[in-house]
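# Observations on the model geometry
So the chains spell out like this:
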Amino acid sequence: MIRTDRLLISHRPYAIDLTTITGDQHPRGDKFAFSGTANAVWYRRKDGRTRACLGTLMLWSHYLPAPLDLADPRAILTADLDGRYGGTADGRWDGERYWGAQKPETIEQHLAILRPMLASYPEAPAGYDGWWRF
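Numbering of residues begins from 1 in every chain and follows the order in which that chain's sequence is written. Note on the predicted model: pLDDT of at least 70 is required for a residue's local features to be given, and 80 or more for side-chain atom pairs to be given and counted; whole-chain, interface and lining totals, by contrast, use all residues. To get the side-chain values, all heavy atoms of the structure are used, and hydrogens and water are removed first.

### Topic: the pairing of strand 8 (residues 129–133)
Three labels apply to residues, based on accessible area from a 1.4 Å probe with only protein chains included: buried if under 20% of the type maximum, exposed if over 50%, partly exposed otherwise in between. By the criteria applied, helices consist of DSSP H or I runs no shorter than four residues and strands consist of E runs no shorter than two, each listed in order from the N terminus. With four of five residues buried, strand 8 is to be regarded as a mostly interior element. Note that strand 1 (residues 2–3) and strand 8 share two bridges and pair antiparallel. The partner of R3 across the bridge, within strand 8, is W132. Strands were regarded as paired on the criterion that DSSP finds at least two bridges between them. For strand 2 (residues 14–16) and strand 8, the ladder comprises two bridges, and the chain directions are antiparallel. Within strand 8, the position partnered with Y14 by the bridge is W132.

### Considerations on the nonpolar core
The nonpolar side chains of soluble globular proteins are, as a tendency, buried together. Here, nonpolar core means buried Ala, Val, Leu, Ile, Met, Phe, Trp, Tyr and Cys residues that are tied together by side-chain atoms lying within 4.5 Å of each other. Grouped together as the largest cluster of nonpolar side chains are 18 residues, with contacts concentrated most on M1, I16, I21, F34, L57, L59 and L77. Residue assignment for this core shows that the elements contributing at least two residues are strand 2, strand 4 (31–46), strand 5 (49–64) and helix 1 (73–77). Note on contacts: a residue pair qualifies if any of its non-hydrogen atoms lie within 4.5 Å across the two residues. Dropping the residues within four chain positions of it, L77 is found in contact with M1, I16, L18, I21, L59 and W132. Grouped together as the second largest cluster of nonpolar side chains are 14 residues, L7, I9, L114 and Y128 included.

### Details of helix 2 (residues 104–119)
Between its first and last C-alpha, helix 2 extends 22 Å over 16 residues, near the 22 Å set by a 1.5 Å rise per residue. Here the bend at each residue means the angle between axes fitted to two seven-residue stretches, the one ending at that residue and the one beginning there. In the structure, helix 2 departs most strongly from a straight axis at L111, where the bend amounts to approximately 30°. Listed as buried for helix 2 are H110, L111, L114, M117 and L118. On its buried face, helix 2 sits against strand 4, strand 5, strand 6 (87–93) and strand 7 (98–100). Multiplying one less than the number of residues by 1.5 Å gives the expected span of a helix.

### Considering unusual backbone geometry
Between Y121 and P122 the backbone carries a cis peptide bond, its omega angle lying at 15°. Structurally, P122 can be placed in the loop between helix 2 and strand 8. Here the phi dihedral of R12 falls at roughly 55°; this positive angle occurs in a residue that is not glycine. Among the structural elements, R12 can be located in the loop between strand 1 and strand 2.

### With respect to the packing of aromatic side chains
Side-chain rings of Phe, Tyr and Trp, where Trp is taken by its six-membered ring, are said to pair if the distance between their centres is within 6.5 Å; with planes under 30 degrees apart they count as stacked, over 60 as edge-to-face, and otherwise as tilted. Under the defined criterion, the tally for this structure stands at five aromatic pairs. Measuring from ring centre to ring centre gives 5.3 Å for Y14 and W42, while their planes differ by 70°; the resulting arrangement is edge-to-face. With Y14 in strand 2 and W42 in strand 4, this residue pair connects regions lying 28 residues apart in the sequence. Comparing Y14 with W42, the two get one shared label, buried. Between Y14 and F134 the ring centres are 6.2 Å apart and the planes differ by 75°, which places this aromatic pair in the edge-to-face class. Here Y14 is found in strand 2, whereas its partner F134 is found in the segment after strand 8, with 120 residues between them in sequence. With relative accessibility at 30%, the residue F134 sits in the partly exposed group. Put simply, the rings of Y14, W42 and F134 touch in pairs and so form one group of aromatic residues. The criterion is that NZ of a Lys, or CZ of an Arg, lies within 6 Å of the ring centre and within 35 degrees of the ring normal, and then a charge sits over that ring. Over the aromatic face of Y14 sits the side chain of R44, whose NZ or CZ is 5.0 Å from the ring centroid.

### Examining the side chain of D129
Mapped onto the elements, D129 comes out in strand 8. Any N or O atom pair separated by 3.5 Å or less is treated as a polar contact, with the protein-specific requirement of one donor-capable and one acceptor-capable atom, and with residues adjacent in sequence counted only for side-chain atom pairs. A polar contact is formed between the side chain of D129 and the side chain of R3, at a distance of 2.9 Å. Among residues more than four places away in sequence, those in contact with D129 are R3, Y14, A15, I16, L18 and R74.

Set out below in C-alpha cells:
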C-alpha cells in the first residue's frame, strides 16, 4: 500500500486503525503468503453525494519475497498487498441516511464516528492513520 497525507477520493483511499491490524503468514515455496484484516474508514461518492463508510479492510498477498514483521503495522501496510476487493462496509452515512447495522447500540457507535467524519471531510477521524491506497 502507499500512504499519502492528502485525500484524493478517486484513488479510493482508506484511513486505518493501526491497532486493529492482524494477520497470519506462511511459506509458499520460496515466497510467503500473508492474510489479515484491519478496521478502516473511507469516503466514497455516489450520485454526487459524499458518504462516510466504516468497516473491515482485507489485507493479503500470496507472493511476498520475505516474511513480514507482524509486530509492525506499517511494515504490513507497506508490503505489496492486493486490494482488488476494497473494504467491506459495516456502516455508511451520507448526511441524511444511515445504512448498516440493525442493532440500535451498533448504529449509535457507527454514527458517533461517521457523523463527525462526514462533517470534517476530507480529514481522517482521530485514531485512524490516513490515507492509504492500494
